[in-house]
Amino acid sequence: MDSEDDLLGTHDMESGEDDFYSGGGSDDDYIESDGDEPDYGFVEEDVDDSLMIASHRSQINYVVLKEEDIRKLQMDDIGRVSMVLSISEAEASILLLHYHWSVSKVHDEWFADEEGVRKAVGILERPVVSAPHGGELTCGICFEPFQREEVVSLACGHPFCSTCWTGYISTTINDGPGCLMLKCPEPSCPAAVGQDMFEKFASKEDKEKYYKYFLRSYIEDNRKMKWCPAPGCENAIEFAAGTSNYDVSCLCSRSFCWNCTEEAHRPVDCHTVAQWIRKNSAESENMNWILANSKPCPKCKRPIEKNHGCMHMTCTPPCKYEFCWLCLNAWTAHGERTGGFYACNRYESAKQEGLYDEAEKRREMAKNSLERYTHYYERWASNQTSRQKAVEDLQKAQLEKLEKLSDIQCTPESQLKFISEAWLQIIECRRVLKWTYAYGYYLPDHDKKQFFEYLQGEAESGLERLHKCVEKELEVFLVAEGPSDDFNHFRTKLTGLTSITKTYFENLVKALENGLADVDTQGTSSKSTSSKSSKTKGSGKGKGSSRNGGSSKSSDGN
């Protein structure tokens, strides 16, 4: 689903958007993209609205990292560990790889038990084998004798020739990312192979592979970072903890959920989205359709769909069994006496006796289930299509229409931003509305469902008015021969509809994120009020009945 999130083309902003509907968050949630000035995410006025939906939003809770940003952060961490622990950068890299690039974890473990960490990671302080002072050394792989200067050893002291080191390193690099945790060729030796050895013995092509693995490990081993899932995108997202909004937007314009990496789906939770996606791709709906719209041949049991009005069915070759669609008995026992070709008296009498109740009930349940799923899926897909069309219309407006409208109405393009704002609102609202149908499908509570459908209906109605206004009414001014007095009225109307629609969707988003808690609150309040009211009425009724009883007795006595 790459294209649906290509909202507005590529751009050069260093960060994405936060909450579309609220400017929540505190300064503690912001992440610095460099080691320099922190980017607090306020949208600059000179940034064009067309760049991204984030033009609506005031603050961010994540940072988009390009390859050079990732490399800089990685080298900064290596340098910090190297300086604090007074070890080489190659050794610092080994430590960070072992502890999944957690600088604080490295420091804690090192200062708690340096010797234990060195042993576990493979950073040895002294050789485990002693080499003779003179003469030749034997390579531990090819077992050929070499002069001392022709042999290379790690801190462990195991001797290997340059040719064997080159082959060993090349083979492990081509085997995949496991080369990052490479140990000494001696099977029982724990000594780690550092970057300095890869620099020395790897070919240019192998070095490129190694450093690609090395760079990717910084993201894939980091719980705060994830790669953008868009095909071909090399950017990563660093996410700030302490927020419930996981929707992020990459520089490539792909919007997705940082938590589950599916497309952005706020305010619907990841579990519901996963359920819905599985259901859309599952074979269960095919089986439901077969159960609801077909019956098994009484002879070969293959499912048969009735595609004509007549009840006389003939199974496909090689079976060719002829039977009645209603009662599933042989057609040879049917004719005018059983109701003809379009009815079956036997079925009607058997149905009255309850012989077909279970099968019919099962078929009816499958049909209802299928119809319910179709209802929600069609609206989910329809809003997806409308959203894609809105993206295309926005791009067309920015490339062609705004310039043309500016010339016709004699208005600077900077004063036509309200049109782009309306399209951006439509695009985001279509996305939210689309996922509310998945939410509605799994919503069981009747009271909550009524409240949800009311909010959804209000939001959808406002969105349709806005979409119609910007899509249809704008065309009148694009074909006008000159400036129109009605254009200012159109501006006011479109701006107002954009604001109203935003409010509707704010209410919808907040309600769904709160689990439609307002229904529970209103229900509790209603029950409490009802209880108090009944008590008041009950006590009043008791007093009144006493007086009335007395009065009645008095009347009888008279």
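Per an unreviewed UniProt entry, the chain goes by the name RBR-type E3 ubiquitin transferase and belongs to Brassica campestris. Its UniProt record gives the chain the following Pathway (unreviewed entry) comment, quoted word for word: "Protein modification; protein ubiquitination." The UniProt entry for the chain carries this comment under Catalytic activity (unreviewed entry): "[E2 ubiquitin-conjugating enzyme]-S-ubiquitinyl-L-cysteine + [acceptor protein]-L-lysine = [E2 ubiquitin-conjugating enzyme]-L-cysteine + [acceptor protein]-N(6)-ubiquitinyl-L-lysine."

### So, the overall build of the chain
Each helix and strand in the chain was counted, giving 15 helices and 13 strands. A buried classification covers 42% of the 558 residues belonging to the chain. Within the chain, contacts between residues at least 6 apart in sequence are counted, and of these 63% link residues at least 24 apart. By element, 50% of the accessible surface of the chain is carried by carbon and sulfur atoms, the whole surface being about 30000 Å².

### Remarks on the side chain of N222
Locating N222 in the fold gives a position in the loop between α7 (204–220) and β6 (225–227). Side-chain polar atoms of N222 contact the backbone nitrogen of K224, separated by 3.0 Å.

### Quick notes on the packing of helix α2 (residues 89–98) against helix α4 (residues 114–121)
At a closest axis distance of 10 Å, the pairing of α2 and α4 adopts a crossing angle of 85°. One way to sum up the angle between α2 and α4 is to call them roughly perpendicular. Residue-level inspection shows I94, L95 and H98 of α2 in contact with α4, the latter providing V117, A120 and V121.

### Points about the packing of helix α12 (residues 417–441) against helix α13 (residues 446–478)
Contact geometry for α12 and α13: axes closest at 10 Å, N-to-C directions at 150°. In terms of orientation, α12 and α13 fall into the roughly antiparallel class. The two elements α12 and α13 meet at a crossing, and its hand is left-handed. Residues I419, A422, W423, Q425, I426, C429, R430, L433, T436, Y437, Y439 and G440 of α12 form the contact with α13, whose participating residues are K449, F452, Q456, E460, L463, E464, L466, H467, V470, E471 and L474. Classifying every residue of the contact of α12 with α13 gives 13 nonpolar, five polar and five charged.

### Brief notes about helix α14 (residues 486–513)
For α14, built from 28 residues, the straight-helix expectation of 40 Å at 1.5 Å per residue is met to within 8% by its first-to-last C-alpha distance of 40 Å. Among the residues of α14, F487, F490, L494, L497, T498, T501, F505, E506, L508, V509, A511 and L512 are the ones counted as buried.

### Topic: the sheet that holds β6
What the three strands build is an open sheet, ordered β1-β7-β6; its pairing is antiparallel. The open sheet has two edge strands with one neighbour each: β1 (62–65) and β6. Pairs of neighbouring strands in the sheet enclose a mean axial angle of 25°, with direction left out of account. The pairing of β6 with strand β7 (residues 236–239) spans three bridges and is classified as antiparallel. Its bridge partner being in β7, M225 is matched across the sheet by E238. In this fold helix α1 (residues 67–85) packs onto β1, β6 and β7, with an angle of close to 105° to the strand it touches most, β1. In the packing of α7 onto the sheet, the strands contacted are β6 and β7, and the crossing angle to β6 comes to about 125°.

### Some remarks on unusual backbone geometry
The phi angle of most residues is negative, glycine excepted, and most peptide bonds adopt the trans form. Cis geometry is adopted by the peptide bond preceding P267, which originates at R266 and carries an omega value of 15°. With respect to the helices, strands and loops of the structure, P267 is situated in the loop between β9 (255–257) and α8 (270–281). The phi dihedral of S86 falls on the positive side, at around 55°, and the residue is not glycine. Residue position: S86 is located in the loop between α1 and α2.

### Details of the confidence of the model for the chain
Overall, the predicted model of the chain reaches an average pLDDT of 78, with 74% of residues at or above 70. The weakest mean pLDDT in the chain belongs to helix α15 (residues 517–557) at 46; the strongest belongs to α1 at 95. Here residues 1–58 scores under 50 on pLDDT; set against residues more than four positions off or in separate chains, the count is 156 contacts. Here residues 529–558 is modelled with pLDDT under 50, and outside its nearest four sequence neighbours on either side it reaches zero contacts, counting other chains as well.

### Here we look at the pairing of β7
Along β7, one buried face is formed by A236 and E238 and the opposite face, lined by I237 and F239, is buried too. Taken together, the four bridges between β1 and β7 define a ladder with antiparallel strand orientation. For V63, the partnering residue across the bridge sits in β7 and is E238.

### As for the nonpolar core
One finds V81, L95, W165 and I169 to be the most contacted residues of the largest nonpolar core, which totals 55 residues. For V81, the residues in contact, after removing those within four places along its chain, are S86, I87, A92, L95, L96, V103, V106 and H107. In this structure, L402, L416, V470 and L474 belong to the second largest nonpolar core, which totals 50 residues.

### A word on the pattern of salt bridges
Using the criterion set out here, one finds 17 salt bridges in the structure. Notably, a salt bridge pairs E67 with R71, separated by 2.8 Å at the nearest N-O pair. Of the two residues, E67 and R71 both sit in helix α1, four residues apart, roughly one turn of that helix. Among the residues examined, E67 registers a relative accessible area of 36% and is labelled partly exposed. Owing to a relative accessible area of 33%, R71 belongs among the partly exposed residues under this scheme. Among the ionic pairs, D393 bridges to K389, the shortest N-O distance being 3.0 Å. In this pair, D393 and K389 are both assigned in helix α11 (residues 357–409), four residues apart and thus about one turn of the helix distant. Look at K389 and you get partly exposed, because its relative accessible area is 39%. Linked by salt bridges that have partners in common, E114, R118 and E125 make up one network.

### Some remarks on the side chain of H467
With respect to the helices and strands, H467 occurs in helix α13. Judged by its relative accessible area of 7%, H467 is buried. Those residues within four positions of H467 in sequence are excluded, and the remaining contacts are S386, A390, W423, I426 and R430.

### Topic: the environment of S170
Along the chain, the position of S170 falls in helix α5 (residues 162–174). Relative accessible area serves as the criterion here: at 22%, S170 is assigned to the partly exposed category.

### Some points on the environment of E473
Among the secondary structure elements, E473 is positioned in helix α13. Using a relative accessible area of 27% as the deciding quantity, one classes E473 as partly exposed. Sequence separation of E473 and F490 is 17 residues, and the distance between their C-alpha atoms is 8.0 Å. Sequence-distant contacts of E473, that is, excluding residues within four places in its chain, are made with K468, F490 and K493.

Calculation rules
Residue numbering note: each chain is counted from 1, following its sequence as written. At least 70 in pLDDT is required for a residue's local features to be given in this predicted model, at least 80 for side-chain atom pairs to be given and counted, and no such filter applies to totals for whole chains, interfaces and linings, which use all residues. Hydrogen atoms and water are omitted, and side-chain values are computed over all heavy atoms in the structure. UniProt positions are given in the numbering used here, feature names are shortened, and annotations may be inferred rather than shown by experiment. Per the convention used, a helix needs a DSSP run of H or I reaching at least four residues, while a strand needs a run of E reaching at least two, with both numbered from the N terminus. Relative accessibility thresholds used throughout: buried, under 20% of the residue-type maximum; exposed, over 50%; partly exposed, between the two (1.4 Å probe, protein chains only). A contact between two residues is defined here by any heavy atoms of the two lying within 4.5 Å. Here the Shrake-Rupley method, with its probe set to 1.4 Å, supplies the accessible areas, and only the displayed protein chains count as covering residues. Polar contact criterion, stated in full: a pair of N or O atoms within 3.5 Å, where within protein one must be able to donate a hydrogen and the other to accept it, and residues adjacent in sequence count only if both atoms are side-chain atoms. Axis definition: a line fit to C-alpha positions, over the contact stretch in the case of helices; interaxial angles, taken between N-to-C directions, run 0 to 180 degrees. Relative orientations are named as follows: roughly parallel for angles under 35 degrees, roughly antiparallel for angles over 145 degrees, roughly perpendicular for angles from 65 to 115 degrees, and oblique for any other angle. A clockwise turn of the near helix away from the far one marks a right-handed crossing, whereas an anticlockwise turn of less than a right angle marks a left-handed crossing. Amino acids are sorted into nonpolar (Ala, Val, Leu, Ile, Met, Phe, Trp, Tyr, Cys and Pro), charged (Asp, Glu, Lys and Arg) and polar (every other residue, Gly among them). By this rule the span expected of a helix is its residue count minus one, scaled by 1.5 Å. Paired strands, as defined in this entry, are two strands with at least two bridges between them according to DSSP. As a per-residue measure, pLDDT reflects the predictor's confidence and takes values from 0 up to 100. In this text, buried Ala, Val, Leu, Ile, Met, Phe, Trp, Tyr and Cys residues form a nonpolar core when linked through side-chain atoms within 4.5 Å. Put simply, a salt bridge is a Lys or Arg side-chain nitrogen that is within 4 Å of an Asp or Glu carboxyl oxygen.

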